[in-house]
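# A closer look at the structure
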Amino acid sequence: MGIWNFRIEDPPFPEMTVTEILSLPETADKTELYAALLPQVEAVIAGEDDLIANLANVAAMLKSAFDFHWVGFYRTLAPGMLVLGPFQGPLACVRIPFGRGVCGAAAASGQTQLVPDVDAFPGHIACSSLSRSEIVVPLVAAGETRLVLDVDSADLDAFDATDRIALESLVALIRARHFGG
Ligand code: SME
């Protein structure tokens, strides 16, 4: 398996010269999947300066690799307020105050929230009734939560330390690229 496959297909515009294809091993082992995914995330975001474009592609890459029910970002766009950013999945709540729900808890505390059963989490915001478990990783730079990565599963207890470590590493790549490390 090569990390990169490039396909050049008679580009209609000069700037559209390369189609990037995600390359993943054929395995259900999430440690292996994350190990293959993270260098590709790093390479994709290295090639673009725009944060929104990069968050959109990261959400797409996570959705492709794991088929999560919902995966995406909320950004801090006003003090104490998260606003929906690029995502893949069903329609989502747009604004979440710090301290509300799982995303708000991650944003307010600056700590990853791993929730095996969302119905047991006080104040969980049910954007989708199908969500059963959730992990939210905040990106903290200079002491401020700038955005959170939110991943929801339709299965109970879908996330563990492997997801936490890999998703925290992924968020660290975004921090290094866009928020001065
Ligand atoms: N469940 C989240 C809200 C965001 S959606 O799941 C996309 C929460 O409690 O923060």
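So, here is what we can say about the structure in this document. (Residues numbered from 1 in each chain as written. Predicted model: local features only at pLDDT ≥ 70, side-chain atom pairs only at ≥ 80, totals over all residues.)

Our focus in this paragraph is the nonpolar core. Grouped together as the largest cluster of nonpolar side chains are 36 residues, with contacts concentrated most on Cys 103 and Val 148. Counting only elements with at least two residues in this core, the list comes to α1 (30-46), α2 (51-66), β3 (70-78), β4 (81-88), α3 (101-109), β7 (133-141), β8 (144-153) and α4 (161-178). In this view, Val 148 contacts Phe 73, Tyr 74, Leu 82, Cys 103, Ala 106, Ala 107, Val 136, Val 137, Pro 138 and Leu 139; residues no more than four positions away in its chain are not counted. (Core = buried A, V, L, I, M, F, W, Y, C linked by C-beta atoms within 7 Å. Buried ≥ 20, exposed ≤ 12 C-beta atoms within 10 Å, placed from the backbone. Helix = DSSP H or I, 4+ residues; strand = E, 2+ residues; numbered from the N terminus. Contact = placed C-beta atoms within 7 Å.)

The next point concerns the site of the ligand. Taken together, 15 residues form the shell around the ligand, and within it Gly 101, Val 102, Cys 103, Ile 125 and Cys 127 come nearest. Looking at the shell around the ligand, the elements that each hand over two or more residues are α3 and β8. The element best represented in the shell around the ligand is α3, accounting for 4 residues. Residues belonging to the shell around the ligand are distributed by class as follows: 8 nonpolar, 4 polar and 3 charged. (Near = placed C-beta within 6 Å. Nonpolar A, V, L, I, M, F, W, Y, C, P; charged D, E, K, R; others polar.)

To continue, consider the sheet that holds strand β5 (residues 95-97). Pairing is antiparallel across the open sheet formed by 6 strands, whose spatial order is β5-β4-β3-β8-β7-β6. Sheet topology places β5 and β6 (113-115) at the edges, where each strand pairs with a single neighbour. When strand polarity is set aside, the average angle formed by the axes of neighbouring strands in this sheet is 25 degrees. Here β3 pairs with β8 via 6 bridges, running antiparallel. Among the inter-strand pairings, Trp 70 is bridged to a residue of β8, identified as Asp 152. Sheet contacts for α2: β3 and β4; angle to β4, the most-contacted strand, approximately 55 degrees. Where α4 meets the sheet, its contacts fall on β6, β7 and β8, and the angle it forms with β7 comes to roughly 35 degrees. (Pairing = 2+ DSSP bridges. Axes fitted to C-alpha atoms, helices over the stretch in contact; angles between N-to-C directions.)

Moving on, we come to the pairing of β3. Across 6 bridges, β3 lies against β4 in antiparallel orientation. Following the sheet pairing, Val 71 is matched in β4 by Gln 88. The hairpin formed by β3 and β4 contains 2 residues between the paired strands, and Gly 80 there has a positive phi angle of roughly 70 degrees.

Tracing the backbone through its elements, the reader meets Leu 22 in the loop between β2 (19-21) and α1. Residue Leu 22 is classed as partly exposed on the basis of its C-beta count, with 16 C-beta atoms lying within 10 Å. Linking Leu 22 and Ala 65, residues 43 residues apart in sequence, is a C-alpha distance of 8.6 Å. Those residues in contact with Leu 22 that lie beyond four places of it in its chain are Gln 40, Met 61 and Ser 64.

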